[in-house]
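The residues making up each chain are set out below.
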Amino acid sequence: MRREEIVMICTCDLAGQMRGKGFPVSDLEERLTRGIGWTPTNSMITAHGPIAPSPWGPFGDLVLKPDPESRIRVDFGEDHAAEHFVIGDICHIDGTPWEVCPRGFLKRVLEAIEKRHGLKVKSAFEHEFVFEGVEERPNASYALDSFRRQDIFAESFLGALKEAGITLDTFMPEYGPKQYEVTVGPATGVRSADQAVAIREIARAVATRLGTRVSFTPILRPDAVGNGVHVHFSLQDAATGMPVNYNAQAPHGLSARAGAFIAGILQKLPAITAVTAASSVSYLRLTPNRWSAAYNNLGFRDREAGVRICPVFATAEEQIARQYHFEYRAADATGSPYLVLGAILAAGLYGLDQDLPAPPVCQGAPQNMAQEDLDRLAIVRLPQSLGEALDAFEAEEELTDLFGPELKSAYLAHKRFEEKLMSALSPAEQCEKYRLAY
Ligand code: GLU
Ligand code: MG
């Protein structure tokens, strides 16, 4: 049998799904400049299949323009197709960015941060997921036995990540049922979101070749612990590359610039959860005592804070400044990494623009604190359903310019429709839908 390799150009869309078109690998050179045709209404395809009411209907033509630097190719030997895709930007026919493209949105925010404040963003996505190739057993959390039972998945995953140019930091059996976690090294700008997409797709690709699957669903069952996506980030001076997050003299080491950035994120957190926790079942995860994030609080080494100041394993000042960074915990893999990172950074940029004062660290668990203390720290419970989060996102107006009104209204229409689809189902049935879709 004669075989010809096919490569796909994809976008990680409003539903966080990789969709695109394939063509013979021999056409790659030409396609890298020309791109491939795309349709506006594709953006309204929900993760579950049905299409949300589209402002474009059957009209319009766009072009998906690949970014060669995002190309991923992993060889799976003679018996399997290679995994080969390139991530693209959705553009108008004339090549200008399409306002609704998630990757274009992240690029806009990154550019604004650099232009207005001379800063670049370094970030890394930490993923928890379910590996379905193992049976559920009691006493499996962090266990060597859980690691062993996934057999060659982890090794093959590491091999594939390496081939794709991604540095694995750690792989571990996590606390939840069949739950594992992967962490990778940081990247600058749009690259860390490209990496996040690649990590998810490569995990799926490896599992498929092994005859099983992984799921990045936010929560396997209503009673389980969730699969978080924790977004680690820090700010660098764009000119020198030096970190600007740490000030030894400031409370908890939080510099004024990073403090303004974090303050913006905390203030906008209830609104941006609609984007960072993008499914109905995301809100089963974002509840207290689940080690996720249920409030817009800043924690110091606290694994239930909305934003956490991460631990530093160093004593020398310069080393501390290099390691010192933050983690946004109210995210999961139902959000496109471009929208998730873009939303977090847009909120941070708002904080910088307003020069907000550095927020105080919350001591203790918000669910156990007196209301007057919560009020003093401006801590609120995050939305408790997708509908509530979408209401907050819609009502929020100070980030609308950065999102762009077209992206904002398309996202709202898409997610309102999805929310309605899900509302006919029980929480357990919704979990099952998302397990299959992600
Ligand atoms: N599984 C938790 C979550 O839903 C995170 C546990 C951890 O801190 O790694 O975010
Ligand atoms: Mg974890």
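Structural notes, computed from the coordinates. (Residues numbered from 1 in each chain as written. Chains lettered and ligands numbered in written order. Predicted model: local features only at pLDDT ≥ 70, side-chain atom pairs only at ≥ 80, totals over all residues. Heavy atoms only, no water.)

### Side note on the overall build of the protein chain
Counting secondary structure elements, the protein chain contains 14 helices and 15 strands. For the C-alpha atoms alone, the extent of the protein chain along its principal axes is close to 70 × 55 × 50 Å. The long-range share in the protein chain, meaning contacts at least 24 apart out of those at least 6 apart in sequence, stands at 71%. Taken as a whole, the protein chain presents about 18300 Å² of accessible surface, with 52% of it coming from carbon and sulfur. Each charge sign in the protein chain was given a centre, from 44 positive and 57 negative side chains, and these centres are 2 Å apart. (Helix = DSSP H or I, 4+ residues; strand = E, 2+ residues; numbered from the N terminus. Contact = heavy atoms within 4.5 Å. Areas by Shrake-Rupley, 256 points an atom, 1.4 Å probe, with all protein chains shown as cover. Lys, Arg positive; Asp, Glu negative; His and termini not counted. Charge placed at Lys NZ, Arg CZ, Asp CG, Glu CD.)

### A short note on the coordination of the magnesium ion (ligand 2)
Donor atoms from the polypeptide that bind the magnesium ion (ligand 2) are Glu128 (OE), Glu174 (OE) and Glu181 (OE), placed at 1.9 to 2.1 Å. Sequence spacing of the donor residues for the magnesium ion (ligand 2), all on one chain, is E-x45-E-x6-E. Of this pair, glutamate 128 sits in strand E7 (residues 119–131) while glutamate 174 sits in the loop between strand E8 (168–173) and strand E9 (179–184), and the two are 46 residues apart along the sequence. Under the relative-accessibility criterion, glutamate 128 is labelled buried at 8%. With a relative accessible area of 10%, glutamate 174 lands in the buried category. (Donors = N, O, S within 2.8 Å, 3.2 Å for Na, K, Ca; no water. Buried < 20%, exposed > 50% of the residue type's maximum accessible area, 1.4 Å probe, protein only.)

### Overview of helix H5 (residues 191–209)
Structural remark: α-helix, 3.6 residues per turn; residues separated by three or four positions point the same way. Spanning 19 residues, H5 covers 26 Å between terminal C-alpha atoms, matching the ideal 27 Å at 1.5 Å per step. Burial of H5 is extensive: 17 of the 19 residues sit out of reach of the surface. Following H5 by one or two positions, glycine 211 has its phi on the positive side, about 80°. (Expected span 1.5 Å × (residues − 1).)

### Quick look at the site of ligand 1
For ligand 1, the full set of nearby residues is Glu128, Glu174, Glu181, Gly226, Gly228, His230, Arg285, Trp291, Ser292, Arg303 and Arg329. One of the side-chain N or O atoms of arginine 329 is found 2.8 Å from an oxygen atom in ligand 1. About the coverage of ligand 1: the protein hides 92% of its 300 Å² of free accessible area. Looking at the shell around ligand 1, its residues break down into one nonpolar, four polar and six charged. (Near = heavy atom within 4 Å. Polar contact = N/O pair within 3.5 Å; in protein donor to acceptor, adjacent residues only side chain to side chain. Nonpolar A, V, L, I, M, F, W, Y, C, P; charged D, E, K, R; others polar.)

### Looking at the nonpolar core
Soluble, globular proteins show a tendency: their nonpolar side chains are buried together. Phe129, Phe153, Phe157, Ile202 and Tyr328 are the most contacted members of the largest nonpolar core, which has 119 residues in total. When residues of this core are assigned to their parent elements, the largest contribution, twelve residues, is made by helix H9 (residues 337–354). Look past the residues within four positions of tyrosine 328 in its chain and what remains in contact with it is Val229, His230, Val231, Phe233, Ile265, Leu269, Ile272, Thr273, Thr276, Gly306, Val307 and Ile344. One finds Val281, Cys431, Tyr434 and Ala437 within the second-largest nonpolar core, a separate group that totals ten residues. (Core = buried A, V, L, I, M, F, W, Y, C linked by side-chain atoms within 4.5 Å.)

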